Amino acid sequence: FWIAFGLYSSGRAALADAVIRRGETERFAAGRYNIFDTNIAAALRVQHGARMAPDVREKLEGLVRDGFNFKPGNRQPDYQFHGYNDNMPAKATMGLVLGGELLGDADALAYGLWDLRQLRAMLVRRGLNSEFNSPTYSPLTVHAMGEIAEHAQNAEARRLARGLEARLWLDLAARFHP
């Protein structure tokens, strides 16, 4: 689904809709879920919902809702901030905050806020993001915080995400090796 951001932004909504319609997300007893599709769906729906066909909006909203589950879903223990592989919980947090607001799920939003507080506490305690040197994973974590900072309606979520995004950029800049 990543490519749909660029397609919607460049005025090619029909092609973006076609990509999303074709995309298949893993099915489980509790619904459809994978850490990528489910949470990209939240950011896409929040940013580009007005450009989407109704069936595409419905598909993405279903993915976002399925992401609120425990297992498989964004609330499982593997998607808490442990100090390693933190791009995954960052994406889960993005889905919980943005999706919770989008679909009016106060519990999902509250869980996402708890996640943001946990990431802040971890960075205060440890001083750095364990993925600071990864050209793949660091941008995913920064992107998730940036999406929350820019699109969340909740003031605490925006404030926390802005601070976290700035701290993550500082980690990257401090360890940059040209």
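Details of the structure are given in the entry above.
This is a predicted model, so every value here is computed, not measured. (Residues numbered from 1 in each chain as written. Predicted model: local features only at pLDDT ≥ 70, side-chain atom pairs only at ≥ 80, totals over all residues. Heavy atoms only, no water.)

Draft legend 1. Spotlight on unusual backbone geometry. With an omega of -10°, the peptide bond between Lys71 and Pro72 qualifies as cis. Position of Pro72 among the secondary structure elements: in the loop between helix H4 (54-67) and helix H5 (87-103). Phi angles above zero are rare outside glycine, and Asn85 is one such case at about 50°. With respect to the helices, strands and loops of the structure, Asn85 is situated in the loop between H4 and H5. Judged by its relative accessible area of 38%, Asn85 is partly exposed. (Helix = DSSP H or I, 4+ residues; strand = E, 2+ residues; numbered from the N terminus. Buried < 20%, exposed > 50% of the residue type's maximum accessible area, 1.4 Å probe, protein only.)

Draft legend 2. Structural context of the pattern of salt bridges. Taken as a whole, this structure holds five salt bridges when the rule is applied. Arg21 is the partner of Asp55 in a salt bridge, and the nearest nitrogen-oxygen pair spans 2.7 Å. Here Arg21 lies in helix H2 (residues 13-22) and Asp55 lies in helix H4, a separation of 34 residues in the sequence. (Salt bridge = Lys/Arg side-chain N within 4 Å of Asp/Glu carboxyl O.)

Draft legend 3. Examining the environment of Arg57 more closely. With respect to the helices and strands, Arg57 occurs in helix H4. In this structure, the C-alpha to C-alpha distance between Arg57 and Asp78, residues 21 residues apart in sequence, is 28 Å. Those residues in contact with Arg57 that sit more than four places away from it in its chain are Arg45, Gly49 and Met52. Of note is the side chain of Arg57, whose polar atom sits 3.1 Å from the backbone oxygen of Gly49. (Contact = heavy atoms within 4.5 Å. Polar contact = N/O pair within 3.5 Å; in protein donor to acceptor, adjacent residues only side chain to side chain.)

Draft legend 4. Representation of the packing of aromatic side chains in the model. Inspection of every chain in the model, using the stated rule, returns three aromatic pairs. Centre to centre, the rings of Trp2 and Phe5 are 5.8 Å apart; their planes meet at 40°, and the pair counts as tilted. Relative accessible area serves as the criterion here: at 12%, Phe5 is assigned to the buried category. Ring centres 6.4 Å apart and planes at 45° place the aromatic pair Tyr33 and Tyr79 in the tilted group. Within this pair, whereas Tyr33 is found in the loop between strand S2 (31-32) and helix H3 (35-48), its partner Tyr79 is found in the loop between H4 and H5, the two being separated by 46 residues in sequence. An identical accessibility class is assigned to Tyr33 and Tyr79; each is buried. (Phe/Tyr/Trp six-rings, centres within 6.5 Å; stacked < 30°, edge-to-face > 60°.)

Draft legend 5. A look at the packing of helix H6 (residues 106-126) against helix H8 (residues 155-174). Relative orientation of the contacting elements H6 and H8 amounts to 35°, with a least axis distance of 10 Å. The chirality of how H6 crosses H8 is left-handed. In this structure, H6 contributes Leu113, Leu116, Arg117, Leu119, Arg120 and Leu123 to the contact, and H8 contributes Glu156, Ala157, Arg159, Leu160, Leu164, Arg167, Leu168 and Asp171. (Axes fitted to C-alpha atoms, helices over the stretch in contact; angles between N-to-C directions. Left-handed = near helix turned anticlockwise from the far one by under 90°.)

Draft legend 6. Looking closely at the nonpolar core. Counting residues in hydrophobic clusters, the biggest one holds 44 residues, and the most contacted among them are Tyr8, Ile20, Leu44, Leu60, Leu116, Met145 and Ile148. For this core, the elements supplying multiple residues, two or more each, are helix H1 (3-9), H2, H3, H4, H5, H6, helix H7 (137-151) and H8. Per-element accounting of this core gives the leading share, seven residues, to H6. Every residue in contact with Tyr8, bar those within four places of it in the chain, is listed here: Ala13, Ala16, Asp17, Ile20, Leu44, His48, Arg51, Met52 and Val56. Residues Tyr33, Tyr79, Met88 and Ala92 belong to the second largest nonpolar core, which totals five residues. (Core = buried A, V, L, I, M, F, W, Y, C linked by side-chain atoms within 4.5 Å.)

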